[in-house]
Structures are given as structure tokens and as C-alpha cells.
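# Chain and residue survey
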Amino acid sequence: MSFDFLAAALPSVQQLSPYVPGKPVEELARELSLNPEDIVKLASNENPLGPSASVCAAIAEALPELTRYPDGSGFALKSKLAEHYAVETGQVTLGNGSNDILELVARAWLAPGRNAVFSAHAFAVYPIATLASGAECREVPAKDYGHDLDAMAAAIDSNTRVVFIANPNNPTGTWFNQATLNAFLSQVPEHVLVVLDEAYIEYAADSNLPDGMDYLSRYPNLLVSRTFSKAYGLAALRVGYAMSSKAIADVLNRVRQPFNVNSLALVAACAALDDAHYLERSRELNSQGMQQLEEGFKTLGLSWIPSRGNFIAVDFAQDAAPINQALLEQGVIVRPVAGYGMPNFLRVSIGTQAENQRFLDVLTQVLQQA
Ligand SMILES: *Cc1c(COP(=O)(O)O)cnc(C)c1O
């Protein structure tokens, strides 16, 4: 018998199960001997528009510099973000995706004997980052699938160092308003860092969701994390950022890898920030697609959780695993969320009009055969 490396890992690491991503198109194509072009993937909340032309041009221009290390300070992108959101550059932290930001927070403030508070049905990376750093997870029951912020505030104790909240939340799409966020932030003790994960906030621009940036000056324990992976369409490049007080940014800067964001991601994110038209198209396509899926679900007699993200969780009122399997066999990839405590739901990312229609057609057929 060889040495048991799992038994030798941190006890909290032994509790971890690996993150399960959306099934890649190529993998399903291999399994079913299908043509990848015939497969529709609505499983990872990716932007269906494809990359913006100005982003592709910026990347092409940066290619001759591939032999060089990136600018480890991310000066150009940080300056651009600071200007865009009217904060100081010292308040900006860049991440290799916003997942990197979540990891940096955990590494800096969590450890055995400490805990992080987050909601049931919240993003899978919160427990991963927490357990990987040896800390305890305080999972608070949800209210109508959304965050119960009063209960979350009540779950904080003297060993709590971080609270993770997402607005809108993934995979539920649920959200909270300004008054609820204000009431929550005013209850959280000053030693507890509040991570407000706004990965989908750009899709909620026309709703009355709070803009985390508006709360930074009042709450020095607040960190707002955002990403270029969703509405900006750069998931493959891995680039996200955090805005916070300078004191928090200073700590994150100590623990991050020196070159945590690659040079192509840096130039692409700068170009993406300048492309307001792309963002507008992302939002438009998303709200049309959301409406299309809701109407389709209504016709099929299905209920769903109203969502402000670029995805929607649909309720089959029975185990959704066989339905997911039947969809896969027809070349449609969506996301099972049993691992999030929602076995009767599937999460569907909003695609193009044609992708959404293909999904609805196949779903109709699958439900008729059931
Ligand atoms: C997609 C997502 C992110 C962003 O991840 P990246 O690492 O930036 O790609 C962060 N939080 C939530 C809740 C998400 O769904």
C-alpha cells in the first residue's frame, strides 16, 4: 500500500469534493459520436455572442509579446477600472478570474479555527475556498432559494472572518435590494470581511439591485468582486477584479501570485471595458432570451425561479437527473444542480434565440416521452 496522501491532507480538504463544471461540448461529442456543431451548450453561463471584435484585435496586437512576463501590477487595467468606477487604483485588485479573488480572500483571512458564512444554494467556490484554507463552513438555510441575510448576520460569531454573498446568486438567480443590503451591512461587525460577489450585476442594470460600488466608502470591510467572464464574454481568459478599501487591497496584494493575470487577459479586459456596445448587446440578448425561456416553460407548465442573471433554474417537481440525461442524448447540455441541494432543478444558461429554441424543442419532446 502506498502512502495515504488524502489522510495526510488538512481535515477540511478531505471533506472537499472537486468542482463539477458544465460538460464540455467536445466531451459529449466524443461520447455520443455527434458533430460538435450539432451540440448546444447552455451549462456554464457563458456569453452566447462570441468575443467582441475589438477584444480579438487587442489580443492579436499583444501576441508578439508572448515571451515576456505580464505587467504584474496590471497598471493599465487597474487604472482603467479605477477611472470607470471612480475609485482609486489602490482599491483595485485583479484576479485570474474572480474565483482567484475569492481564493485570495480565503488564503489571507481564513484558517483552522475560523469560519466563513454563506447561504445554502450559493456558488460552489465559497465552500471550496473555505475548506481549502482549513476553515469551517457556516451554511445558512436559504429563504425562497435566496439569501436570508438576517439569518446570515445572526450566524456570524467571534471566529467568523468572511461572509460570502452573491447578488444575483448563482445557481438560483435570486437577488436582494438596497434596503436589505444596507440593513445587512450595518449589522456585520467591522472585523468581518463581506465579499459581495457581483459576477452577474451587468445583467441587472435596469433592475433595482444595489450597486456594490456605492457602498464602498461607507463600509471599509466590504469587498465587491466582479468578472469579465460573463457579460463581457471573456470566460476563457480568466480575468476578474475586486474593489475594496485600500487596507483590504493591500492584504490581497501580499498573498497573490506575482503574475496572476496573464497579458492577453489584461489587454482583452481593457478593450472589453471600452466596448460599451458589446455590453449593451449582451444585456439585450439576455433579456430577450430570458423572456423566451420563461414563455417556453409556461407553455410546458413548468415553474422556475425568477432570475436576474444570464441563466434560469427550472423546476421539474421530480428528480431532474433523467431529464438531464435525455437532453444530453439529444445533444443539449444544461447544468444539473443536485450538488447545490436542488435535485429537482436544472439550470439553463441563456443562449442565442436559436439555441434557446433548440433547448425548448428538445425539452418538449423529452417531457412528452416521459
Ligand atoms: C461565474 C461566477 C463567477 C466568476 O467566475 P470567474 O472566475 O470570474 O470566471 C463568480 N461568482 C459567481 C457566483 C459566478 O457564478
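Above this text is the structure in question.
Here we summarise the structure given alongside this text.

Moving on: the sheet that holds strand S12 (residues 335-336). An order of S9-S10-S13-S12 is seen for the 4 strands of this open sheet, with the pairing classed as antiparallel. Two strands bound the open sheet, and with one partner strand each, they are strand S9 (303-305) and S12. Of the pairings in the sheet, the one linking S9 to strand S10 (residues 311-315) comprises 3 bridges and is antiparallel in character. When the bridges of S10 are listed, Ser303 appears paired with Asp315. Sheet strands touched by helix H12 (residues 276-299): S9, S10 and strand S13 (345-349). Its angle to S10, the strand with the most contacts, is close to 5 degrees.

Counting residues in hydrophobic clusters, the biggest one holds 56 residues, and the most contacted among them are Leu77, Leu81, Ile165, Phe184, Leu222, Phe228 and Met243. Top contributing element to this core by residue count: helix H11 (residues 263-274), with 9 residues. The residues contacting Met243, other than those within four sequence positions of it, are Leu81, Tyr85, Val87, Gln91, Val92, Met213, Leu216, Leu222, Leu223 and Val224. One finds Val105, Ala242, Ile305 and Ala313 within the second-largest nonpolar core, a separate group that totals 31 residues.

Right, let's get into helix H6 (residues 98-109). Taking 1.5 Å of rise per residue, the 12 residues of H6 would be expected to cover 16 Å, and the 17 Å separating its terminal C-alpha atoms lies within 8% of that figure. Within the span of H6, buried status applies to Ser98, Asp100, Ile101, Leu102, Leu104, Val105, Ala106 and Trp109.

With that out of the way, let us pick up the pairing of S10. For S10, the buried fraction is high: 4 of the 5 residues fall into the buried class. The antiparallel hairpin formed by S9 and S10 contains 5 residues in its connecting segment. Bridge analysis of S10 against S13 gives 5 bridges, and the strand direction is antiparallel. Considered in S13, the bridge of Ile312 is made with Val348.

The rules behind each value
Residues take numbers from 1 onward in each chain, read along the sequence in its written order. The predicted origin of the model limits local features to residues at a pLDDT of at least 70 and limits the giving and counting of side-chain atom pairs to 80 or more, whereas totals for whole chains, interfaces and linings rest on all residues. For side-chain calculations, the full set of non-hydrogen atoms in the structure is used, while hydrogens and water are omitted. In this analysis, strands are considered paired if DSSP registers two or more bridges between them. The numbering of helices and of strands both runs from the N terminus, where a helix is a DSSP run of H or I of at least 4 residues and a strand a run of E of at least 2. Contacts between residues were defined by any pair of non-hydrogen atoms, one from each residue, lying within 4.5 Å. Here an axis means a line fitted to C-alpha atoms, over the contact stretch when the element is a helix, while the angle between two N-to-C directions is reported on a 0 to 180 degree scale. We call a set of buried Ala, Val, Leu, Ile, Met, Phe, Trp, Tyr and Cys residues a nonpolar core when their side-chain atoms join them within 4.5 Å. Only protein chains enter the calculation, and the probe is 1.4 Å; a residue is then buried if its accessible area is under 20% of its type maximum, exposed if over 50%, and partly exposed in between. Every helix has an expected span of 1.5 Å times one less than the residues it contains.

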